[in-house]
Amino acid sequence: MSGGVKARHGVYLLLGLCCTLAAGPVQAFDEEAASSALQVARRKLTRTAEEVPLGQYPKSSEPDGTWLLVPADNRVGWTQGFFPGELWLIYDQSREPDWRTLAETWTRPLEVQQYNTETHDLGFKFMPSYGLAYELTNDDYYRQVLLRAAGSLASRYNPRVGIISCCDWNPDWHLPMVSDTMMNLELLLWASRNGGQPGWRDMALNHALRTLADIVRPDGSTYHVVDYDPDTGAQLFRGTFQGYSDTSTWARGHAWVIYGFTMVYRYTRDPRMLEAAQRVTDYYLGRLPEDTVPNWDLDAPIPQKDSSTAAAVASALLELSNYVPDADKKAVYWNAALRMLDALSSPAYLDTEDTSPGILLHAVGHLPAGQEVDVSLIYGDYYFLEAIRRFQRSGIWSSQPGFAAGTRTLGSGNTGVQVAEFDVMPRAQTLDGVIGHADSSARVTSRSEFALSLRLSPAGVFDAYDGTRYAATNAVPYEANAIYHVRILADLPAGRYSVWIKPPSGPEVLLADRFAFRSSAPVTDDLGQLTLKSTAAGEFWVVGHTLRPAPGARPAE
Ligand code: GLY
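Because the structure is predicted, anything quoted here is derived from the model rather than measured.

Undergrad: Can you walk me through the overall build of the protein chain in this structure?
TA: What the protein chain contains, in helices and strands, is 13 helices and 21 strands. Computed over its C-alpha atoms, the radius of gyration of the protein chain comes to 23 Å, within 12% of the 24 Å expected for a compact globule of 557 residues. When the backbone C-alpha atoms are referred to their principal axes, the protein chain occupies close to 75 × 45 × 45 Å. Looking at the protein chain as a whole, 63% of its 557 residues qualify as buried. Within the protein chain, contacts between residues separated by at least 24 positions form 69% of all contacts whose residues are at least 6 apart in sequence. By element, 51% of the accessible surface of the protein chain is carried by carbon and sulfur atoms, the whole surface being about 19900 Å². Each charge class in the protein chain was averaged separately, 48 positive and 64 negative side chains, and the resulting centres sit 6 Å apart.

Structure, rendered in structure tokens:
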């Protein structure tokens, strides 16, 4: 899809003109709602970090307002990574060093799990904790632990059936696969790109394909469990463990499949994964109630909402909307995610009254076992914060008259040679605006911190900063309310960047040909911050800003 379509989509979102879900038009989840939810999260997480002893990890809320805890070294427990993951997400959003310290403190005790081969849940344990830690700090210690954990997970691969087996604790099963494991594949996919074995990618893709073949029903609904004969690979059982019945669709298991296919597509770009993600998503959206928070099982007659499913699906759909080529479908997924976030950030689900130690109310862990019914769940909270992060990173960003208000954090992992792409829409015929990228450690208080500056100049043309002055390799004028697609190739080690601009009609134009980073900017070895600065006389919008390494390494969402 062209950047222009992406931008128009974003503009429609803002104006509320865009497509509707079956359940109604998109609601008002916006920056303000995101920021209020983050305030609640900061308060809850601070309290949890003060009250929970180090080495124990919150899992679900208890009736007395405390957390049920799981020790760091519990081998079968799958939830220990989420609390540190939430701390990393708040650090990423705030860049306050105290949050980084807290996140590191709660991440490191999980190192004890790296050689654990007794569980398939190493992705759940390690990607929110160590995965985010490495993304946000670039500290090689985290990468090394991730690689060892991936090796442990790979040891559970059965080449005959092509799956990562799960659930050794259940003596009734032989070689079982569950929908949940889709989430654990990210550890293999990430590790295969970051120094691990290339074959780990194939294991993950094979498992996802087996999930598509055996867990997804023809109508897009899902089983929870498939059990195989380890010798012949024949299916012995298909049904459920945590859901209502063998023919029903357990809501969270379905969320894992939506999220999982989307994530596997991010790493593999295999079109079967994109098609699968859409198939299971379309089924799910067609089964949603008015408030978009599903029943714990889509077919159960026992009513009990599960906010954790809604949070995981909201996060997944914000990503999936980036990948689908059809503009209407893209809008359906984006708007559905916003409706889910709108519901979750309403008083019905967001615990502003502190009745629970968690952020979201009304989640279900395992209803058939009578466990964790109508509680807060640490993973629901984590995916809610992840969805807010994705929302904040991919919506329409308006330029601001102040540097602080116009600055967004992008993380410290955007090193090496990076490609930034986005659409820009001037909202005035002439304005004085700058799109500046700065190092994650810079304190952005003026234009001189931007190593890379793309300007909408008062003369009505784009230009870019070349060492000591604004210049342009080729002239590109701009007009109010037109959409320009921008591509920047930033060579951080060389301190140089190129910029191409595609006007609404006509081909891409080279605006800056290997311009030097601003000579007065602080040392810039990552693209850690983006600032959109304008004057009061006229603003501009940026839509769909993405960063990705060029080429290889970890793919952008
Ligand atoms: N094991 C993952 C879940 O309960 O959702």
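Undergrad: Explain the UniProt feature "active site" (unreviewed entry) in the protein chain here, please?
TA: According to UniProt, the feature "active site" (unreviewed entry) maps to Asp 121 and Asp 180 in the numbering used here. The greatest C-alpha distance among the annotated residues, which extend across 60 residues, is 8.4 Å, indicating that they converge on a single site. With respect to the helices and strands, the residue Asp 121 is situated in the loop between α4 (97-107) and α5 (122-137). Setting aside chain neighbours within four positions, we find Asp 121 in contact with Val 76, Trp 78 and Asn 184. Residue position: Asp 180 is located in the loop between β5 (175-178) and α7 (181-193). Asp 180 sits in the buried class, given a relative accessible area of 12%. Ignoring sequence-local partners within four residues, the contact set of Asp 180 consists of His 120, Phe 124, His 224, Gln 242, Trp 250 and Trp 256.

Undergrad: What exactly am I supposed to notice about the sheet that holds strand β13 (residues 433-438) here?
TA: Read across the sheet, six strands follow the order β11-β20-β13-β14-β15-β16 without closing on themselves; strand pairing throughout is antiparallel. The strands lining the two open edges of the sheet, one partner per strand, are β11 (407-409) and β16 (469-477). When the angles between neighbouring strand axes are averaged without regard to direction, this sheet yields 20°.

Undergrad: Which parts of the structure should I look at to understand helix α10 (residues 271-286)?
TA: An α-helical turn contains 3.6 residues, so any two residues separated by three or four positions project in the same direction. The end-to-end C-alpha distance of α10 is 23 Å, a good match for the 22 Å that 16 residues give at a rise of 1.5 Å each. For α10, the full list of buried residues reads Met 273, Leu 274, Ala 276, Ala 277, Gln 278, Val 280, Thr 281, Tyr 283, Tyr 284 and Leu 285. On its buried side, α10 packs onto α8 (199-214), α9 (251-268), α11 (307-323) and α12 (327-344).

Undergrad: Help me understand the pairing of strand β8 (residues 363-366), please; the structure alone is not making it clear to me.
TA: Side-chain direction in a regular strand flips from residue to residue, so the side chains alternate between the two faces of the sheet. By the bridge criterion, three bridges tie β8 to strand β9 (residues 371-375) in an arrangement that is antiparallel. Looking at β9, one finds that Ala 363 is bridged to Val 375. Once β8 ends, the chain turns through four residues before running back antiparallel as β9, passing Gly 370 with a positive phi of about 70°.

Undergrad: Help me understand the pattern of salt bridges in this model?
TA: Any two side chains of opposite charge can pair if their charged atoms end up close together. According to the stated counting rule, one finds 30 salt bridges in the structure shown. For Arg 210, the salt bridge is made with Asp 214, and the minimal N-O distance between the two is 3.2 Å. Placement of the pair is Arg 210 and Asp 214 together in helix α8, with a separation of four residues, close to one helical turn. Exposure remark for Arg 210: the relative accessible area of 28% places this residue in the partly exposed category. For Lys 329, the salt bridge goes to Asp 282, with nearest N and O atoms at 2.9 Å. Here Lys 329 is found in helix α12, whereas its partner Asp 282 is found in helix α10, with 47 residues between them in sequence. Take Asp 282: its relative accessible area is 35%, and that puts it in the partly exposed class. Connected through salt bridges with shared partners, the residues Glu 186, Arg 266, Glu 319, Glu 386 and Arg 390 form a single ionic network.

Undergrad: Looking at this structure, I do not really get the site of the ligand. What am I missing?
TA: Around the ligand, the surrounding shell consists of Trp 78, Asp 180, Gln 242, Trp 250, Arg 252 and Trp 256. Within the side chain of Gln 242, a nitrogen or oxygen atom sits 2.9 Å from an oxygen atom of the ligand. Of the residues belonging to the shell around the ligand, the class tally is three nonpolar, one polar and two charged.

Undergrad: Where do I start with unusual backbone geometry in this structure?
TA: For residues besides glycine, phi is generally negative; the peptide bonds are generally trans as well. Within the chain, Asn 138 stands out as a residue other than glycine whose phi angle is a positive 65°. Residue Asn 138 is classed as partly exposed on the basis of its relative accessible area, which comes to 36%. The phi dihedral of His 362 is positive, around 65°, even though this residue is not glycine. Mapped onto the elements, His 362 comes out in the loop between α12 and β8. By relative accessible area, which is 29% here, His 362 ends up partly exposed.

Undergrad: Sorry if this is basic, but what is going on with the environment of Asp 466 here?
TA: Inspection of the secondary structure puts Asp 466 in strand β15 (residues 461-466). Beyond its immediate chain neighbours, meaning those up to four positions away, Asp 466 contacts Ala 471, Phe 515 and Ala 516.

Undergrad: What is the right way to look at the packing of α11 against helix α13 (residues 378-394) in this model?
TA: Describing two packed helices takes the angle between their axes plus the distance from one axis to the other. At a minimum axis distance of 8 Å, the contact between α11 and α13 shows a crossing angle of 25°. Put simply, α11 runs roughly parallel to α13. Taken as a pair, α11 and α13 cross one another with a handedness that is left-handed. Residues Ser 308, Ala 311, Ala 312, Ala 314, Ser 315, Ala 316, Leu 318 and Glu 319 of α11 form the contact with α13, whose own contacting residues are Tyr 379, Gly 380, Tyr 383, Phe 384, Glu 386, Ala 387, Arg 390 and Phe 391. Classifying every residue of the contact of α11 with α13 gives ten nonpolar, three polar and three charged.

Undergrad: Honestly, the pairing of strand β7 (residues 235-239) in this entry has me stumped. Any pointers?
TA: Strand direction decides the pairing type here: strand β6 (residues 225-228) and β7, joined by four bridges, are antiparallel. Within β7, the position partnered with Tyr 228 by the bridge is Gln 235. Counting the residues that bridge the hairpin from β6 to β7 gives six residues, and of these Gly 233 lies at a positive phi of roughly 80°.

Cut-offs used in this document
- Residues numbered from 1 in each chain as written.
- Predicted model: local features only at pLDDT ≥ 70, side-chain atom pairs only at ≥ 80, totals over all residues.
- Heavy atoms only, no water.
- Helix = DSSP H or I, 4+ residues; strand = E, 2+ residues; numbered from the N terminus.
- Rg over C-alpha atoms; globule rule 2.2 N^0.38 Å.
- Buried < 20%, exposed > 50% of the residue type's maximum accessible area, 1.4 Å probe, protein only.
- Contact = heavy atoms within 4.5 Å.
- Areas by Shrake-Rupley, 256 points an atom, 1.4 Å probe, with all protein chains shown as cover.
- Lys, Arg positive; Asp, Glu negative; His and termini not counted.
- Charge placed at Lys NZ, Arg CZ, Asp CG, Glu CD.
- UniProt positions renumbered as here; feature names shortened; annotations may be inferred.
- Pairing = 2+ DSSP bridges.
- Axes fitted to C-alpha atoms, helices over the stretch in contact; angles between N-to-C directions.
- Expected span 1.5 Å × (residues − 1).
- Salt bridge = Lys/Arg side-chain N within 4 Å of Asp/Glu carboxyl O.
- Near = heavy atom within 4 Å.
- Polar contact = N/O pair within 3.5 Å; in protein donor to acceptor, adjacent residues only side chain to side chain.
- Nonpolar A, V, L, I, M, F, W, Y, C, P; charged D, E, K, R; others polar.
- Parallel < 35°, antiparallel > 145°, perpendicular 65-115°, else oblique.
- Left-handed = near helix turned anticlockwise from the far one by under 90°.

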